[in-house]
Amino acid sequence: MAGFPQLRLRRLRRNEALRALVRENRFDAGDLVYPIFVVEGKGIKQEIASMPGILRFSPDRLDAEIEEVAGLKIPAVLLFGIPEHKDELGSSAYAPEGVVQQAVRRIKKLAPQLLVITDVCLCEYTSHGHCGVVVGEEVDNDRTLPLLAKTALSHAEAGADIVAPSDMMDGRVKAIRESLDKNGFQHIPILSYAAKYASAFYGPFREAAESAPQFGDRLSYQMDPPNIREALREIEQDIAEGADIIMVKPALPYLDVIRKARDSFNYPLAAYNVSGEYAMVKAAVSQGWLDERRAVMEIITAIKRAGADIIITYHAKDVARWLQSA
Ligand code: PBG
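First, a word on what this report is: a plain description of the structure on this page. This structure is a prediction, so every number in the text was calculated from the model and none was measured. (Residues numbered from 1 in each chain as written. Predicted model: local features only at pLDDT ≥ 70, side-chain atom pairs only at ≥ 80, totals over all residues. Heavy atoms only, no water.)

## As for the site of the ligand
- Close to the ligand lie 19 residues, the nearest being K196, R206, K249, S275 and Y314.
- Within the contact set of the ligand, an oxygen atom lies 2.6 Å away from a side-chain nitrogen or oxygen of R206.
- Between the ligand and the protein, one listed contact pairs an oxygen atom with a side-chain N or O atom of Q222 at 2.8 Å.
- Relative to its unbound accessible area of 410 Å², the ligand is 100% covered by the protein chains.
- Among the secondary structure elements, those contributing two or more residues to the shell around the ligand are β9 (191–196) and α6 (203–209).
- Classifying every residue of the shell around the ligand gives 10 nonpolar, 3 polar and 6 charged. (Near = heavy atom within 4 Å. Polar contact = N/O pair within 3.5 Å; in protein donor to acceptor, adjacent residues only side chain to side chain. Areas by Shrake-Rupley, 256 points an atom, 1.4 Å probe, with all protein chains shown as cover. Helix = DSSP H or I, 4+ residues; strand = E, 2+ residues; numbered from the N terminus. Nonpolar A, V, L, I, M, F, W, Y, C, P; charged D, E, K, R; others polar.)

## So, the side chain of S179
- Relative to the assigned elements, S179 resides in helix α5 (residues 172–182).
- Taking relative accessible area as the criterion, S179 reaches 10% and is therefore assigned buried.
- Leave out the neighbours within four places in its chain, and S179 touches A149 and L153. (Buried < 20%, exposed > 50% of the residue type's maximum accessible area, 1.4 Å probe, protein only. Contact = heavy atoms within 4.5 Å.)

## Looking at the pattern of salt bridges
- Tallying each qualifying case throughout the model produces 20 salt bridges.
- For K304, the salt bridge is made with D31, and the minimal N-O distance between the two is 3.3 Å. Of this pair, K304 sits in helix α10 (residues 292–306) while D31 sits in the loop between α1 (16–21) and β1 (32–39), placing them 273 residues apart in sequence. Assigned by exposure class, K304 and D31 land together as buried.
- Taking the shortest distance from any N to any O, the salt bridge between R172 and D238 comes out at 3.2 Å. Here the residue R172 occupies a position in helix α5, and D238 occupies one in helix α7 (residues 229–241), the gap between them amounting to 66 residues. (Salt bridge = Lys/Arg side-chain N within 4 Å of Asp/Glu carboxyl O.)

## Let's talk about the nonpolar core
- Residues I36, F37, L78, I258 and Y272 are the most contacted members of the largest nonpolar core, which totals 113 residues.
- Here this core gets 8 residues from one element, more than from any other, and that element is helix α4 (residues 141–158).
- Ignoring anything within four residues of it in the chain, the contact list for I258 reads V248, A251, L269, A271, I303, A306, G307 and A308. (Core = buried A, V, L, I, M, F, W, Y, C linked by side-chain atoms within 4.5 Å.)

## Observations concerning unusual backbone geometry
- Looking along the chain, the bond that leaves F4 and enters P5 is cis, with omega of 10°.
- Along the chain, P5 turns up in the segment before α1.
- Cis rather than trans, the peptide bond between K249 and P250 has omega equal to -10°.
- With respect to the helices, strands and loops of the structure, P250 is situated in the loop between β10 (245–249) and α8 (255–264).
- Here the phi dihedral of K73 falls at roughly 65°; this positive angle occurs in a residue that is not glycine.
- Tracing the chain through its elements places K73 in the loop between α2 (63–71) and β4 (76–82).
- Positive phi, normally seen in glycine, also occurs at E210, with a value near 50°.
- Position of E210 relative to the elements: it lies in the loop between α6 and α7.

Here it is in C-alpha cells:
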C-alpha cells in the first residue's frame, strides 16, 4: 500500500485542468428551477425587502422576466400566486381566472418551451393563512383534499406542465392524480414536496407571498426537523400515490435527508434552496462578508453532491449567468 511520500493527494489539485479532470460533481443551468411570484392586478412590479433581487410581478408585467429566464437556458419556472381576494376556503386558488392561471397562460404563450411548474397550496389564498381548510383550530386534512385536486386541475387546464403540491396533507398526491386522470391530464407529472419540514427558513417567502398563518404554526402538518426516517416514509407514501418527482425542502439544513432520499429511491429528486437560505446569503453579501458568486456556487455544488437532480433556487438566474461566463 502506497503511503506518503509516494502518495500525494495534492498531485491532482495542482491546476484547474487537473482539478476539472477529476471533478466528481457538476451542474448546469439545465438542473435549475427559478421560482416566480405573481400578484393579481395590473402593472405591478414590486421588490421584496427580505429577498433582494426577487420581485413580484402581475401577469401583464412578466414578459421581460420570462424572456431572461428562457434566454439563460433555465428549463423551468415555479409559480406562486398572491391573490387579491382571500377567504376561508382559498377559492382564488382554483378560480379559472386566478392569478396563477392567468400567469401560466401568459408564460406558455411567451415561451412555449419553458416548463411551467405550479405550486399547489392554499396558504396564499386562505384568510387564515393555513395550507388547508380550518375547522375550529385544526387544519382538516380530508376536507382539504378536494380543494387541492381542484386547484391542480385548474392549473393543468391553464397549461401548467407540472403540478407541485406543497401543503403536506396526507393523500393529496392520490387526490390530485385521480382528478388529473379523470379529466384528460394523464400526461401531467406531479412533483411532490414529499419531505417538507416546518422550517424557520420560509420566513422571507411568507412575506413575499403574504402567506404567514394568522394563528398557530404549521407544525401539525409540516415535518418535525429532527426526523429523517419519517421523511423516507413521507416519500414512500407519495410515490405509492403516484408522485413522479419527489422533493426535499429546505435544502441546506437537510443535505443528509437529500442524500438518504437519493440512496433510497430511484425517482428524480428535487431540492428547494428556500427563501431564508437565499436571504442569509444576500444579507452577508450586502455587508461585504461573503463573496456572492463563490458562496452560491458552493451551495449549489453541495446540494448537487448530496444527490439532488433538480435544484429550485432564487439564485438560478445568477448561477446560469456565472456558468456562461466561466
Ligand atoms: C407553501 C409553500 C411555502 C414555500 C413553498 N411553498 C411556504 C410555507 O410552507 O410556509 C416556501 C418557499 C421558500 O421559503 O422559498 N405554499
